[in-house]
Structures are given as structure tokens and as C-alpha cells.
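# Per-entry structural report
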Amino acid sequence: MITHPCFHPSLSKPSLSFLSSSSPPFLQHLSFLPTSPSITKPVFVHSVKPLHVKCSSTNPTSQSHPDHAPPISTLKIAIIGFGNYGQFLAKTLVSQGHIVLAHSRSDYSHVAKKLGVSFFLNPHDLCEQHPEVILLCTSIISTEQVLKTLPLQRLKRSTLFVDVLSVKEFARNLLLDALPLDFDIICSHPMFGPQSAKQSWKDLFFVYEKVRIGNESSRVQRCEQFLGIFQSEGCKMVEMSCQEHDKLAAGSQFMTHTVGRVLDMLGLESTPINTKGYETLLDLVENTCRDSFDLYYGLFLYNKSALEMVERLDLAFDALRNELFGRLHHVVRKQFFENGEKVKSVHDSSYQNGAASAFSSNALRSQDVTIPYEFKGKILESVDDSSKLKVAIVGFGNFGQFLAKTLARQGHSVLAYSRTDYRDAAQKLGVSFFSDANDLCEEHPEVILLCTSILSTEKVLKSLPFQRLKRSTLFVDVLSVKEFPRNLFLQHLPPEFDILCTHPMFGPESGKNGWNELPFVFDKVRVGNDERRVARCNSFLDIFAREGCRMVEMTCAEHDWHAAGSQFITHTMGRVLEKLQLESTPINTKGYETLLKLVENTAGDSFELYYGLFMYNVNAMEQLERMDFAFESLKKQLFGRLHGVLRKELFGDSEKLEVLQEKSVRKNGAALSSSPESVKIS
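What counts and what doesn't
- Residues numbered from 1 in each chain as written.
- Predicted model: local features only at pLDDT ≥ 70, side-chain atom pairs only at ≥ 80, totals over all residues.
- Heavy atoms only, no water.
- Helix = DSSP H or I, 4+ residues; strand = E, 2+ residues; numbered from the N terminus.
- Buried < 20%, exposed > 50% of the residue type's maximum accessible area, 1.4 Å probe, protein only.
- Contact = heavy atoms within 4.5 Å.
- Areas by Shrake-Rupley, 256 points an atom, 1.4 Å probe, with all protein chains shown as cover.
- Polar contact = N/O pair within 3.5 Å; in protein donor to acceptor, adjacent residues only side chain to side chain.
- Pairing = 2+ DSSP bridges.
- Right-handed = clockwise from strand over helix to strand, strands pointing away.
- Salt bridge = Lys/Arg side-chain N within 4 Å of Asp/Glu carboxyl O.
- Expected span 1.5 Å × (residues − 1).
- Disulfide = S-S within 2.5 Å.
- Core = buried A, V, L, I, M, F, W, Y, C linked by side-chain atoms within 4.5 Å.
- 1 Å grid on protein atoms, 1.4 Å probe; cavity = no way out; pocket = protein on both sides within 12 Å on 5 of 7 lines; lining within 4 Å.
- Points joined across faces, edges and corners; volume = space filled by probe spheres on them.
- Nonpolar A, V, L, I, M, F, W, Y, C, P; charged D, E, K, R; others polar.

The name recorded for the protein chain in an unreviewed UniProt entry is Prephenate/arogenate dehydrogenase domain-containing protein, from Gossypium darwinii.

Structure follows, in C-alpha cells:
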């Protein structure tokens, strides 16, 4: 079930225009911007390849299993920041035989002992151990403060500093500014963490830039030894400038976290009828919600390209809503001026007999409605002659042909009718094609299977010559919305006809490798008591049960409630991301791959299908509004925190001055006679 967070509908959208410049004045003081004069310091070896990407896939060791990797020379590595990520890296470092030291403001000595790591609460004690490598595993926001507290004078000259932050220009400029010229610098980003790499690091990206490495062979060798730690684990080694990394990461990592947090605010939960696309969204939420808001805020604040991605996402969502409401406006206008009828609500125009409104959705939201359909013949290889059906598919497009393949393979007699001539496609599938609906109905099919689009269903249904069919013919639909066809059937079909509303929660793409464990939802809306009619209905359901589908009997109202929170949201997010024109990068994370796959799956469907999900599901509008409020709430969190930074930059000193003045007034009993310039601020 879907929980409703308390979003206030009056939330206004903050303007992003005041932040749209490449370097706002108040942010120029922040160290991630390339304005620091210290960047011009002379360096020994400085990699400046702004657009050069070098993958080590040509090196056999980068693709090999760790068991077959060459041995690595032992390094003494000090991990600064021994939280979850520091501990995660320490496990592998220790397993490879490296000497690992650790320091953190929190006491992790008990955890370090279990991992075989020497823990130091005092950074002076750690630095006096003269580690060869200082590995910074701090949070983005705390890195500068932690770095400034390290007693660099107690380290050996030429110590190698490495960071693993998710933003790289900020880290690069900070290290160049804070470290003496003698120290070497590698900026790196393992594009994985404890969750995505809990099995292994094989084929996961490790991005790095050799910012400053001395010319001595020992220092060059030490750099390669450190990189070899990740290469030997099977990582895909990508050498890339920090600038290029941040540009790509804003479009992948930051976007992935943003989508995950928006969906998390919706309180999405698993339903009895999850699609594969919805499962990927739930996984995305699970992966991103584990990370702190500070990490997400750091990705936003310290990556100059992140703001642009927020603006683009905002514009894409607005554009999609405009498409939906523009189409909706056309429907209302048509009712006003073409039909001359009184304007009805979207609900009334979609559910013309009003049956759906007679039931409270709250009364139907029970696990009791999710009853698995029990069947006996699931494991049989073929269908008995007595169970074979004559099925007429009305609407022989992609989905109709997709279902026809399985029906014909199981031995059923399949007929097809469509306004478009699919005679050749039908012949290849062993299906009899009819271009005239009268000819089709005169064949007396036992089942009429409607595979039309949502928008054309009513028109097609009304055009069928019911009088040419046998009485008690079974009508079945496979639409993605259920209350609409249920009410449509009840209104237009003769009372003698049986009605079965179904929704295979899969299609040609998600079901191309079989239907096993894919949900099939159905509602026996009207099936006669005659034993023959009951058996015919069960025989049709057995078509899907034999293929291994997870059979879920559920009311049409309950289906639409769940589908609005899963299928409609999945399609909405996919279409928003499609408008961003996301592309694969050389450093895709698993989360970003999920988004690309989502776009690929939803882009294959027509806008008419998506509009049908919106127009003919009474719950869809509510979900669209909740997504809007969730995104606005997330932006307010980001810009609210940013406003705090701005206020501190602009008013920090003056506010401090006011406090001192007030204290002085209270102490002396009189206002200070000196000017503000003469007041010394500690």
C-alpha cells in the first residue's frame, strides 16, 4: 500500500534563476570553484586531460578475477574517516595483505580490531607511523575541516594523498591548496559502495586522476601499486580529469540520487502486482535512502553541474504535465463545443455508468482481495482437446501478436481482426486473419480477447456486431486500467455475455524470456453459473497459469489503486527522464543503469498508452500531484540549506558584530561610541 506524506498543496516553486550563473558571487568563496590562486602552484607531474578517458579494459588484469591477479607489493595505508565506507575499503586492503591504519573522530577501535586494522584516536599518533598513503574517506562536507586538522608536519615528505569523494573538482582544488608541494595527490572515485559491491568489485568503475606525482621512480611505482589494489579486484579503471568526472557525474550520480529521493518521499511500497519496472524503482529507493542527506547535499553543492540538472529535471516534469493537461483540455473543449453537452468530470467521462463511484476504495484495500488463482494443469506440456479454445483477438498490434504466439503454441485456435492489415504477420503465427468484423464474429469464437489501445476500446467495442456471436460469448480485455473496461463492458454488452477483466503485468519486452513469476491480474466480473461457462473461463486463465504466471485475483478498483502507485509512477518517471535525453557515460553506476533501462522500457510505449493510464485511472491525478509536491519539497531542502550558506557568507560577520555590541551595551549600560570598524572581532 502507498502511504501519503504530508505535502502541502500550496508549496510554491522556488525560482532557480538566481543560481543559474556559472559562478554566483557568494559561492566564489567556496573552495570547490577553480578560482583559488593556489592552483597555479608548480607541480611535478600534473595530469590535465579534460576530455580524455582511458579505460584499462585492454589490460588483462583489469578484467581478470582477483584469484588470477598478479601479487601486489605491500603498502602502509592510513584511512582517515573510518565510517561505513572506510571500513568497507579496509576489508579489501587487509585481505590483500596491506598494513592498514585508521583514524576517525568516533571511536571505531572495536571494529578496527575485528578487521585487523590499527586504530588511532589521535591523528598525531597515526601520522607518526609514517604511512605511505593517506586515504581520505571523510564526508564531502567535512573533508576540508578534517584535512586542516591533520598534523602534516609529522608525515614523511612525498606522502601520497588519495581521496574517494563523489565530487572531484572540489577535492582536487582543496588538496592542491592545503597540501605542501612535496606531497603526491591522486583524486579517485570508486563508483560503488557496500551495497552495490557486496559480492565483488568486478567490472565496477574506478575513476582517477593523477593530479600530482613526483618524478622519482619510487613515487611513480607507489602510485601504480595503489591503483593496482582496485585493478586486481577486477575494477574497470578509468583515467579521467576531475572536471570531466563532475560533468558526467551530475548527469548520472546526482540525477540517480535525486530520482531516488523523490520516490522515497512518495512512500512507495511493494504491491501484489509489481511490474519489473516498478521493482527497479523500489530497488533504487532502497539504495539511495541508505545514504545521508549530507552526501546528497554535498553532491549538489560541490558539483557545479548539479544545479543545471535540477533545472532540467524541473523543466522536464513541467513539460510532461503540460502534455497531459493539454490533451485533457482538448477533451473538455470537445465536450463543450462539439457535442454541446454539459461538461462532465474526468471521472464521469471515463466511467459512464458511474459504477466505480459506488464503492469506497478504502473498503477494497485489503490483502484479502489478493487471492492467488489455484490451478491444476500448470506443469502440463500441452492442452487437452477439451480445454482448447477458439479465441478471437480484436486488435492485432504488437501486444495482440505477442499473446497470439503463446495461444497458438498451446494449441488453441486463434483468429484475429484489426483495422490495419496484419495478414502476413498472422500467417507466420498460424493465425486466421479477418479484415471484416462480421466475418470474424460469424466464426463463433468462444472468447473475444480485446487487445486494443485504451483510447480506442470504446469505439471498437461499439463497432462489433454482437448479434453475430453466440449468446454467452466470453469477453476479455487486457487493458492497463481496469475499472474503465469493466464499466464499459457492463454498459454495452448484452447481459447474456460473460465478462473477464484481466491485466497481464508484462509485455513483449519484459516477457520475451518467458512469463514465469510475472503477475497476471484478473477479475471475474460476470461469469454464468453454467458448468460449461465456468470451465471456459478457467480454461482461458489456464493459458497464463501454464506459462508460470503469478495469478492474482483482484477487484478492478483495487487493481487501479495499486497500478496508479506503481505502473503510472513508473511510466511518469521514465518519460520525465526521457525528456532529459540521458545517455550512457564511461562511468555509469548501477543506479544510473537502472534509470537508462527504465527510459528504454517506457520510451517504447506510445504517449497514447501513457495518457490512457492518466485519463482512465481515477487515482493517477493524485499520484501526479504527490510527485510534484515531493520534488518541490526536495528542492526546498536543497535551497534551504544553500540559503544558510549564503546568509553566513553575507551576514556572518555583521551578525557576530551585533552580538558583541549587544553584550557591550548590557555590560556598560550605554551604547558603544566607537565605530564598527574599531570593534575587534575574535
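## Digging into the overall build of the protein chain
The number of helices and strands found in the protein chain is 23 helices and 18 strands. Here the protein chain holds 682 residues, and the buried ones make up 53% of them. Counted over contacts in the protein chain with a minimum sequence separation of 6, partners at least 24 positions apart contribute 76%. Accessible surface, the protein chain as shown: approximately 31600 Å² in total, 50% of it carbon and sulfur.

## Observations regarding helix α6 (residues 169–178)
Across the ten residues of α6, eight count as buried, placing the element largely inside the fold. For α6, every residue scored as buried is listed here: Glu169, Phe170, Ala171, Arg172, Asn173, Leu174, Leu175 and Leu176. Packed against the buried residues of α6 are β5 (133–136), α5 (143–149), β6 (160–163), β7 (184–190), β8 (205–212) and α8 (242–265).

## Some words on the environment of Cys441
Inspection of the secondary structure assignment puts Cys441 in helix α16 (residues 437–441). Look at Cys441 and you get buried, because its relative accessible area is 0%. Put simply, Cys441 and Lys470 are 29 residues apart on the chain and 8.6 Å apart in space, counted from C-alpha to C-alpha. Those residues in contact with Cys441 that sit more than four places away from it in its chain are Pro465, Arg468 and Leu469.

## Focus on the side chain of Lys168
Within the element layout of this structure, Lys168 appears in the loop between β6 and α6. A relative accessible area of 2% places Lys168 in the buried class. Only 2.7 Å separates the side chain of Lys168 from the side chain of Asp163, close enough to count as a polar contact. Here Lys168 is in contact with Asp163, Cys187, Ser188, His189, Cys242, His245 and Asp246, once residues within four sequence places are set aside.

## Observations concerning the pairing of β6
Neither face of β6 is open: one carries Leu160 and Val162, the other Phe161 and Asp163, and all of them are buried. Pairing between β5 and β6: four bridges, direction parallel. Bridge assignment links Val133 to a residue of β6, and that residue is Leu160. Read as a crossover between parallel neighbours, the route from β5 over α5 to β6 is right-handed. Since β6 and β7 lie parallel, the crossover through α6 that links them has a hand, and here it is right-handed.

## Section: the pattern of salt bridges
The final tally for this structure, using the stated rule, is 22 salt bridges. Note that Lys148 and Glu144 form a salt bridge whose closest N and O atoms lie 3.1 Å from each other. Here the residue Lys148 and the residue Glu144 both occupy positions in helix α5, the gap between them amounting to four residues, near one helical turn. Here Lys148 falls in the exposed class, since its relative accessible area comes to 61%. Of the charged contacts, one joins Lys304 and Glu169 as a salt bridge, the two residues approaching to 3.8 Å between their closest N and O atoms. One end of the pair, Lys304, is in the loop between α10 (293–301) and α11 (306–337); the other, Glu169, is in helix α6, and 135 residues separate them in sequence. Assessed through its relative accessible area of 13%, Glu169 is described here as buried. One network of salt bridges, in which partners are shared, links Asp184, Glu216, Arg219 and Arg222.

## What about the environment of Leu613?
By secondary structure assignment, the location of Leu613 is in helix α22 (residues 607–615). Sequence spacing of Leu613 and Gln567 is 46 residues, and the spatial spacing of their C-alpha atoms is 8.4 Å. What Leu613 contacts, discounting residues up to four positions off in sequence, is Ile454, Ser480, Val481, Gln567, Phe568, His571 and Ala620.

## Looking at unusual backbone geometry
You will see that His130, though not glycine, has its phi angle at about 55°, which is positive. Within the fold, His130 resides in the loop between α4 (123–127) and β5. Even without being a glycine, Glu517 presents a positive backbone phi close to 70°. Residue position: Glu517 is located in the loop between β16 (498–504) and β17 (519–526).

## Digging into the environment of Asp314
When you line up the elements, Asp314 lands in helix α11. Separated by 262 residues in the primary sequence, Asp314 and Val576 have C-alpha atoms spaced 9.2 Å apart.

## What to know about helix α9 (residues 276–289)
Here α9 is 14 residues long and its end C-alpha atoms lie 20 Å apart, about the 20 Å a rise of 1.5 Å per residue gives. Next to the buried residues of α9 lie α8, α20 (556–579) and α21 (590–603).

## Considering the state of the cysteines
If you walk through the whole model with that rule in mind, you get zero disulfides. Of all cysteine sulfurs in the structure, the one in Cys556 sits closest to Cys501, which takes part in no disulfide; the separation is 4.1 Å.

## Points about the nonpolar core
Phe161, Leu263, Phe300, Leu461, Phe475 and Leu577 are the most contacted members of the largest nonpolar core, which totals 114 residues. It is α11 that provides the largest number of residues to this core, a total of ten residues. If sequence neighbours within four positions are ignored, Leu461 has contacts with Leu450, Phe466, Phe475, Leu488, Phe489, His492 and Leu493. One finds Ile77, Ala112, Phe119 and Met237 within the second-largest nonpolar core, a separate group that totals 36 residues.

## Here we look at empty space enclosed by the protein
Going through the model one piece at a time under the given rule, you end up with two cavities of 30 Å³ or more. Of the volumes computed, that of the largest cavity is approximately 90 Å³. Along its surface, the largest cavity is lined by Val259, Val262, Leu313, Phe317, Met573, Val576, Met627 and Phe631. Listed by contribution, the elements that provide at least two residues to the lining of the largest cavity are α8, α11, α20 and α23 (620–668). Residue classes in the lining of the largest cavity are distributed as eight nonpolar, no polar and no charged.

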